[in-house]
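Now for the letters of each chain:
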Amino acid sequence: MSSINKQKIVDSVPQKGFFGHPKGLFTLFFTEFWERFSYYGMRAILVYYMYYEVSKGGLGLEEGTALAIMSIYGSLVYMSGVIGGWLADRIFGTSKAVFYGGILIMFGHIALSFPGSLSMFFVSMVLIVLGTGLLKPNVSTVVGEMYAENDTRRDAAFSIFYMGINLGAFLAPLLTGALMKSYGFHWGFALAAIGMFFGLVVFMLTKKKSLGLAGTYVPNPLNAAEKKKYGSITALVVIVLAVILGITIPNGMFTLDVFINLVGIFGILAPTIYFIIMYRSPKTTATERSRVLAYIPLFIAAVMFWAIQEQGSTILAAYADKRTQLDFMGIEISPAWFQSLNPLFIILLAPIFAGMWVKLGDRQPTIPQKFAMGLLFAGLSFLVILLPGYFTGEDALVSPLWLVLSYFIVVLGELMLSPVGLSATTKLAPEAFSAQTMSLWFLASAGAQALNAQLVRFYSADSEMLYFGSIGGAAIALSIILFLLAPKIQVFMKGVK
């Protein structure tokens, strides 16, 4: 997209009306609120649905298998952002991608709401993976489109937007967890579908007046020859995959372990290929190439951070269910409710962090320094959770306050890294790869969860302290290295602050 078109988009968006920000931030805030409500409401109870016995309404899968599937599912959700970003950049723009993605997510949650069917479970996973890939990276890209590159409100806008994400993520586990406990899993999944429906309604009713031209431009559209080329490639890939799966699955060659390993490999290859393509593209300028190089260490740090943070829905979810005292101060706690801690702390702290960055202005830490501090807190959150095992042993139930403290510490790191990472991505992205670079940012989470699918195999009550200590220590070591490299990375960012 040319700089002229970018300016047209900014000029078309009402620049005041929502806490000193463009009115479009309201539309995107509440659209993402309902999308995250549906996603996190489903995610809070999904791992329990997989490993609870059939007599308790679950699918009866082995716990280790359920944890691995949960990680792979999360990885594929973020990997699909590559497809969503490409479609937005080259075919129909970000606004339509958000709408189509919301529809797929809604139908995915509807499929989950049918009780006791493993086949419907996998159908729902496919729909939610594809839908989230269309919606999540592109709604964030539209936020960036509403601001000029030198607009100092941008970081604060992403912090406000991030608070909307987490408001939905906070409420959903409380409600779906209560429904799971009282009425069964499928009422919780049905509520997630209703949440996505509300998100679509908010988006369609408000986007015309508040977003202007944001999300309507296709920055790098396919020409006729490219449409024919990519159509043929897509058809060929579908046919080849169908043949391979048709042969390998009946013969027992394509197992869950094989699939997990393939996703793990792709989780590394996909971002590597993306970096190479962007760096070598003739559409990428010399300044943009330097910024792509600066983005690589930030991306690696993000992978390490999300490898810890995303275990809230796998290892820490199982820890809440089996290692935590759930009868606390006379209250019967649902293990799903711990999933609300992360967004709750973000809601409370995000305005403080947003105000802090604005007040500090040019005196605030650089982007690489913020990433390093975020990674430091992530490592500390895992060191904290190993302490109750050290004090009480591996068989005793521990106070839920240990989990509360661990979630609080990792949130401090998340507010240093995640909204800043979203903003940095829009600043460092080459023009021809704007939406796709946002998809690349989400590939950090994909790679992290693909890594987690391997790591969860090493977790057990016997290895609990070694597991948390090794991962937490590795994160702290990487944070120190990144902090030392921060000045050099800042030079490669070519003026982006």
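Quick caveat: nothing in here was measured; it's all calculated off a predicted structure.

Engineer: What is the right way to look at the overall build of the protein in this model?
Structural biologist: The helix and strand tally for the protein stands at 16 helices and two strands. Taken against the 2.2 N^0.38 rule, which gives 23 Å for 497 residues, the C-alpha radius of gyration of the protein at 22 Å falls within 12% of a compact globule. Along the first, second and third principal axes, the C-alpha atoms of the protein reach 65 × 55 × 40 Å. Across the 497 residues of the protein, 55% fall into the buried class. Nonlocal contacts in the protein, meaning residues at least 24 apart in sequence, comprise 83% of its contacts between residues at least 6 apart.

Engineer: When you look at the environment of L316 in this model, what are you seeing that I'm missing?
Structural biologist: Within the element layout of this structure, L316 appears in helix 10 (residues 315–322). Through-space distance from the C-alpha of L316 to that of S406 is 9.8 Å; in sequence the pair is 90 residues apart. Setting aside chain neighbours within four positions, we find L316 in contact with Q311, I385, L403, Y407 and F468.

Engineer: Got a minute to help me understand the pattern of salt bridges in this structure?
Structural biologist: Between side chains of opposite charge, a pair can form when the charged atoms approach closely. Under the definition given, this model contains five salt bridges. The shortest N-O distance in the salt bridge between R323 and E464 comes to 2.9 Å. In this pair, R323 sits in the loop between helix 10 and strand 1 (327–328) while E464 sits in helix 16 (residues 464–492), placing the two residues 141 residues apart along the sequence. Each member of the pair, R323 as well as E464, carries the same accessibility label: buried.

Engineer: Would you mind showing me how to read the environment of K227 here?
Structural biologist: Among the secondary structure elements, K227 is positioned in helix 7 (residues 224–248). Separated by 136 residues in the primary sequence, K227 and I91 place their C-alpha atoms 9.2 Å from one another.

Engineer: What is the right way to read the side chain of R323 from this model?
Structural biologist: The exposure class of R323 is buried, given its relative accessible area of 8%. Among the polar contacts made by the side chain of R323, one reaches the side chain of E464 at a distance of 2.9 Å. Setting aside anything within four residues of it in sequence, one finds R323 in contact with A318, G389, G393, E394, D395, A396, L397, V398 and E464.

Engineer: Explain the packing of aromatic side chains here, please?
Structural biologist: One pass over the structure, following the stated rule, counts 25 aromatic pairs. For the pair Y48 and Y52, a centre-to-centre distance of 5.8 Å together with 45° between the ring planes defines the contact as tilted. Accessibility classification places Y48 together with Y52 in one group, the buried group. Consider the rings of F345 and F408, whose centres lie 5.2 Å apart with planes at 85°: the pair is edge-to-face. Placement of the pair is F345 in helix 11 (residues 341–360) and F408 in helix 14 (residues 400–428), with a sequence separation of 63 residues. Classification of F345 as buried rests on a relative accessible area of 13%. The exposure class assigned to F408 is partly exposed, which follows from its relative accessible area of 32%. Cluster of aromatic residues (ring-pair linked, three or more members): Y48, Y49, Y51, Y52, F121, F122, F185 and F189. Taking the ring centre of Y230 as reference, the NZ or CZ of K229 above it sits at 5.4 Å.

Engineer: What's the story with the side chain of S334 in this structure? I'm lost.
Structural biologist: Among the secondary structure elements, S334 is positioned in the loop between strand 2 (331–332) and helix 11. Residues in contact with S334, not counting those within four places in the same chain, are G177 and M180.

Rules behind the numbers
Residues numbered from 1 in each chain as written. Predicted model: local features only at pLDDT ≥ 70, side-chain atom pairs only at ≥ 80, totals over all residues. Heavy atoms only, no water. Helix = DSSP H or I, 4+ residues; strand = E, 2+ residues; numbered from the N terminus. Rg over C-alpha atoms; globule rule 2.2 N^0.38 Å. Buried < 20%, exposed > 50% of the residue type's maximum accessible area, 1.4 Å probe, protein only. Contact = heavy atoms within 4.5 Å. Salt bridge = Lys/Arg side-chain N within 4 Å of Asp/Glu carboxyl O. Polar contact = N/O pair within 3.5 Å; in protein donor to acceptor, adjacent residues only side chain to side chain. Phe/Tyr/Trp six-rings, centres within 6.5 Å; stacked < 30°, edge-to-face > 60°. Lys NZ or Arg CZ within 6 Å of the ring centre and 35° of its normal.

Keep in mind these numbers describe shape, not what the thing actually does.
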